[in-house]
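# Summary of the model geometry
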Amino acid sequence: MLRKGQPVLEAFIDALTWDEALSRIVNWGAARESRYVCICNVHSVVTTTQDIEFKIAVNNADMATADGAPVAWALRKLGHQGQERINGPDLMIKYLAEAERRGQVVFFYGSTESTLGQLEKTLRQQFPKLRIGGMHAPPFRPLTKEEDDQIVRRINDSGASVVFVGLGCPKQEKWMAEHRDRIHAVMIGVGAAFDYHSGVVKRAPLWWQRHGLEWLYRLASEPRRLFKRYAVTNTLFVLAFTRQLLNTKLQFNNA
C-alpha cells in the first residue's frame, strides 16, 4: 500500500481521514495481520529527532496518525488540506464500536491492574457485546524472554484482531515494532487512552479538544509533571517545524 503523507520533523505522518484510518484497522484486523499504528503528537515527532530507535519504529509503522492539533496543522501547512486530528482516545472508541458490530476481538496491554479493571467495567457498560479477549498490565521492568513469549501466546490465543497498547511514548512504539510478525493482530499505541476511558484521568472538555487546547488542559491539571515537557517540547517543535517549512518553500521556489 502506497502511503500518502509527509514527514513532520523526522516522523512520517499519514494524511488520511477518520474513515480511512478506521477502514484500514478494521480490514487489517479482520485478516489478523501483524501490523502496528503510531498515534503521533508533538512529543512524538520531537522525540524522533532525539531517539534513533524511536524514529525507526515510527517510520516503519503501517500507519502514523496526526494526534496533536499542531501535527495536523503542520500537515495542512505542507499541502494536505483539511487534515484532521486523529487522536488515540477517540480512535480507540470509534474502533471499539466497529469491533462490537463486527464481532472482532480486542486485547488491552499496558497500564495497571486497577486501571484495566475499571476500564473493563466501563467498556462493558458502553459496549455490552464487545468481545474482550484479555487485558494485561506488564510489570514496570523489562520482561524476561519467557514472560514475553507467554504474553505473545496469550494475545495470539485470544483471537484478538486489535491490541491496544498503553505503555506511553516511546516505550509503546518500540514494543510494537519489536512484536511485529510475532503478534497476529493490529497493535495500536494509544498512550493515556486507558486512563481517560477508565475515568482515572479526566479528559479535557470537548470545546478544549476541538480548539486544539487539550494539551493546555492537561498542563493545568498536572503543572508540576508536565510544565517542563510542554515548555521544552513545544518550543523545539515550533523552531524545528518553522525551519522545515522555510526549507520546503525555498525548495519549491527554486524548483
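In what follows, the structure referred to is the one given above.
For the structure given in this document, a descriptive report is provided here.

So, how was this worked out
- Residues numbered from 1 in each chain as written.
- Predicted model: local features only at pLDDT ≥ 70, side-chain atom pairs only at ≥ 80, totals over all residues.
- Heavy atoms only, no water.
- Salt bridge = Lys/Arg side-chain N within 4 Å of Asp/Glu carboxyl O.
- Helix = DSSP H or I, 4+ residues; strand = E, 2+ residues; numbered from the N terminus.
- Buried < 20%, exposed > 50% of the residue type's maximum accessible area, 1.4 Å probe, protein only.
- Pairing = 2+ DSSP bridges.
- Expected span 1.5 Å × (residues − 1).
- Arc of directions from axis to C-beta.
- Contact = heavy atoms within 4.5 Å.
- Core = buried A, V, L, I, M, F, W, Y, C linked by side-chain atoms within 4.5 Å.
- Right-handed = clockwise from strand over helix to strand, strands pointing away.

### A closer look at the pattern of salt bridges
Where charged atoms from two side chains of opposite charge approach closely, those side chains can pair. Applying the stated criterion to the full structure yields 16 salt bridges. Residue Lys174 is joined to Asp51 by a salt bridge in which the shortest nitrogen-to-oxygen separation is 2.9 Å. Of the two residues, Lys174 sits in helix 8 (residues 171-179) while Asp51 sits in the loop between helix 2 (42-47) and helix 3 (52-59), which places them 123 residues apart along the sequence. Across the pair Arg124 and Glu120 runs a salt bridge whose closest N-O atoms are separated by 3.0 Å.

### With respect to the pairing of strand 7 (residues 162-166)
Of all five residues making up strand 7, five are buried, and the element is well covered by its neighbours. Alternating residues of strand 7 divide into Val162, Phe164 and Gly166 and Val163 and Val165, and every residue in both groups is buried. Sheet topology note: the strand 5 (residues 105-110)/strand 7 ladder contains five bridges and is parallel. Opposite Phe107, over in strand 7, you have Val163 as the bridge partner.

### Focus: helix 7 (residues 145-157)
Taking 1.5 Å of rise per residue, 13 residues should cover 18 Å, and helix 7 covers 18 Å from first to last C-alpha, within 8% of that figure. Where helix 7 is concerned, the buried positions are Asp148, Ile151, Val152, Ile155 and Asn156. End-on view of helix 7: buried residues confined to an arc of 135°, all on one side of the axis. More than 90 degrees from the buried face of helix 7, the exposed residues found are Glu146, Gln150 and Asp157. On its buried face, helix 7 sits against strand 5, strand 6 (131-136), strand 7 and helix 8. The positive-phi residue at the C-terminal boundary of helix 7 is Gly159, with phi of around 80°.

### Some details on the nonpolar core
Side chains that are nonpolar tend, in soluble globular proteins, to be buried together. Formed by 40 residues in total, the largest nonpolar core has its most connected members in Ile13, Val163, Trp175 and Phe237. If sequence neighbours within four positions are ignored, Ile13 has contacts with Lys4, Gly5, Gln6, Val8, Cys40, Val45, Ala64, Thr65, Ala66, Val71 and Leu75. Counting 34 residues, the second-largest nonpolar core is a separate cluster that includes Trp18, Val37, Val186 and Ala193.

### Here we look at the environment of Glu222
Within the secondary structure layout, Glu222 lies in the loop between helix 11 (214-221) and helix 12 (223-254). Separated by 96 residues in the primary sequence, Glu222 and Gln126 have C-alpha atoms spaced 28 Å apart.

### Focus: the pairing of strand 5
Strand 5 sits mainly inside the fold: six of its six residues count as buried. Summarising the sheet, strand 5 and strand 6 pair through five bridges and their orientation is parallel. Bridge pairing in strand 6 links Tyr109 to His136. Note on the crossover from strand 5 through helix 6 (residues 113-126) to strand 6: the handedness is right-handed.

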